[in-house]
Amino acid sequence: MRPPLVVGNWKMNPASIAGAVSLARAVRGLGLPIEVGVAPPSIALAAVAEQLRGSPITVYAQDVHWEEAGAYTGGLAAPMLAGIAAGSIVGHSEVRRDQGDDDERVGRKLARALAAGLRVVLCVGESEAEHVAGETHAVVERQLRAALGVARPPRGAGIVVAYEPVWAIGTGRPASGGHASAAAATVRRALAAAGLDGEATRVLYGGSVSAGSVAEFAAAEGIDGALVGGASLKPEEFGAIVRAFAR
Ligand code: PGA
């Protein structure tokens, strides 16, 4: 009912457009058996999309602006992605951290992306301090309620939720499968509370997913795939992660 999906978030890598194109070529060459997306840096989006044309791999932006157009220096507007990217990541914790995005702004970005016909990988997850305080579920519920309350997406909107505990991102310290499953259940309850079909919505886990840690998440109840950072820059390892979700 929920086909698996793995998305590689390349973040601010590789160092050149040529490097991004060659990474895309390598991922394409893996001939992966399930739905796969890659999210290159914005400067490489068009070149990567060109490299992946005719392949089943989907291209995502890493972020979009919350306004449609205008005097927003450095911004990437959702409508600009038409014909290049099929979707965008929205609400990644690094963007929340570095650019001051709060739940309200994440909701506005979500609305803009959906209005432009983009699919969205909507990221939520608690910080280390919130985790230690036992607030995981309250935080995930609040982030989704706030963002969905602003965006008011229709039932059936093209949303995938990535549960990414901030303390697990880039630390080599992934959450457990059980923790991810429990968070996924909270995600689905929050989606349902906002009028969406939680059971039909894919929930990915993100945070130090590697070839070594993926089995835990591939086996986790309610987890339909992964949002992969560091390991998505290594094609062979990325391929191993993707194949773990083929079932
Ligand atoms: P990581 O990043 O796999 O390097 O931990 C995941 C993410 O930030 O999406």
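Located above this text is the structure these notes cover.
Notes on the structure in this doc start here.

Calculation rules
Residues numbered from 1 in each chain as written. Predicted model: local features only at pLDDT ≥ 70, side-chain atom pairs only at ≥ 80, totals over all residues. Heavy atoms only, no water. Helix = DSSP H or I, 4+ residues; strand = E, 2+ residues; numbered from the N terminus. Rg over C-alpha atoms; globule rule 2.2 N^0.38 Å. Contact = heavy atoms within 4.5 Å. Areas by Shrake-Rupley, 256 points an atom, 1.4 Å probe, with all protein chains shown as cover. Lys, Arg positive; Asp, Glu negative; His and termini not counted. Charge placed at Lys NZ, Arg CZ, Asp CG, Glu CD. Axes fitted to C-alpha atoms, helices over the stretch in contact; angles between N-to-C directions. Parallel < 35°, antiparallel > 145°, perpendicular 65-115°, else oblique. Left-handed = near helix turned anticlockwise from the far one by under 90°. Phe/Tyr/Trp six-rings, centres within 6.5 Å; stacked < 30°, edge-to-face > 60°. Buried < 20%, exposed > 50% of the residue type's maximum accessible area, 1.4 Å probe, protein only. Pairing = 2+ DSSP bridges. Right-handed = clockwise from strand over helix to strand, strands pointing away. Near = heavy atom within 4 Å. Polar contact = N/O pair within 3.5 Å; in protein donor to acceptor, adjacent residues only side chain to side chain. Nonpolar A, V, L, I, M, F, W, Y, C, P; charged D, E, K, R; others polar.

### Here's the deal with the overall build of the chain
Each helix and strand counted, the chain has nine helices and eight strands in total. What you see for the chain is a C-alpha radius of gyration of 17 Å, in line with the 18 Å of a compact globule of 247 residues. With the C-alpha coordinates of the chain rotated into their principal frame, the extents come out at 45 × 45 × 35 Å. A separation of at least 24 residues holds for 72% of the contacts in the chain among residues at least 6 apart in sequence. Surface accessibility of the chain: about 10,300 Å² in total, with carbon and sulfur atoms responsible for 53%. Side chains of the chain give 23 positive and 24 negative charges; the mean places of these two sets differ by 4 Å.

### As for the side chain of Q51
On the secondary structure map, Q51 appears in helix 2 (residues 45-52). Ignoring anything within four residues of it in the chain, the contact list for Q51 reads V21, A24, R25 and R28.

### Digging into the packing of helix 1 (residues 17-29) against helix 2
In contact at an axis separation of 9 Å, helix 1 and helix 2 are set at 30 degrees when each is read in the N-to-C sense. On the basis of the axis angle, helix 1 is roughly parallel to helix 2. Note on packing geometry: the crossing formed by helix 1 with helix 2 is right-handed. Counted together, I17, A20, V21, A24, R25 and R28 of helix 1 and A47, V48, Q51 and L52 of helix 2 form the full contact between these two elements.

### Description of the packing of aromatic side chains
Overall, the coordinates contain two aromatic pairs when judged by the stated rule. A centroid spacing of 6.4 Å and a plane angle of 55 degrees characterise the contact between Y163 and Y205, whose relative ring orientation is tilted. A residue pair is termed long-range when its members are at least 10 positions apart, and Y163 in strand 6 (residues 159-163) and Y205 in strand 7 (residues 203-206) qualify at 42 residues. For Y163, a relative accessible area of 0% gives the class buried. On the numbers, 4.0 Å between centres and 5 degrees between planes, the contact of Y205 with F217 is stacked.

### With respect to the pairing of strand 2 (residues 35-39)
In terms of burial, strand 2 is a largely internal element, four of the five residues being buried. Where strand 1 (residues 5-9) and strand 2 come together, five bridges link them in parallel fashion. Across the sheet, V6 pairs through a bridge with V36, a residue of strand 2. In this region the chain leaves strand 1, passes through helix 1 and returns to the parallel neighbour strand 2; the handedness of that crossover is right-handed. Since strand 2 and strand 3 (residues 58-61) lie parallel, the crossover through helix 2 that links them has a hand, and here it is right-handed.

### Quick notes on the site of the ligand
Contacts to the ligand come from 13 residues, most closely from K11, H92, E164, G170 and S208. Measuring from an oxygen atom of the ligand, one finds a side-chain N or O atom of K11 at 2.7 Å. Computed on the free molecule, the ligand has an accessible area of 280 Å², of which 94% lies beneath the protein chains in the complex. When the residues that make up the shell around the ligand are grouped by side-chain class, the tally is four nonpolar, seven polar and two charged.

### Concerning the sheet that holds strand 2
Reading around the circumference, 1-2-3-4-5-6-7-8 is the order of the eight strands in this closed barrel, with parallel pairing throughout. Averaged over all adjacent pairs, the angle separating strand axes in this sheet is 25 degrees, with direction ignored. By the bridge criterion, two bridges tie strand 2 to strand 3 in an arrangement that is parallel. Within strand 3, the position partnered with V38 by the bridge is V59. Across the sheet, helix 2 is in contact with strand 2 and strand 3; its angle to strand 3 comes to roughly 170 degrees. Together, strand 5 (119-124), strand 6 and strand 7 form the strand contacts of helix 7 (residues 177-193), whose direction differs from that of strand 6 by roughly 145 degrees.

### A look at the environment of R152
Assignment of secondary structure puts R152 in the loop between helix 6 (136-151) and strand 6. Relative accessible area serves as the criterion here: at 66%, R152 is assigned to the exposed category. Taking the C-alpha atoms as reference, R152 lies 9.5 Å from L196; in sequence the two are 44 residues apart.

### Focus on the pairing of strand 4 (residues 87-90)
Here strand 4 shows two buried faces, one formed by G87 and I89 and the other by S88 and V90. Here strand 3 runs beside strand 4; their pairing, made up of two bridges, is parallel. Of the residues in strand 4, the one forming a bridge with Y60 is G87. Inspection of the sheet shows strand 4 paired to strand 5 by four bridges, in the parallel sense. Directly across from S88, in strand 5, lies its bridge partner V120.

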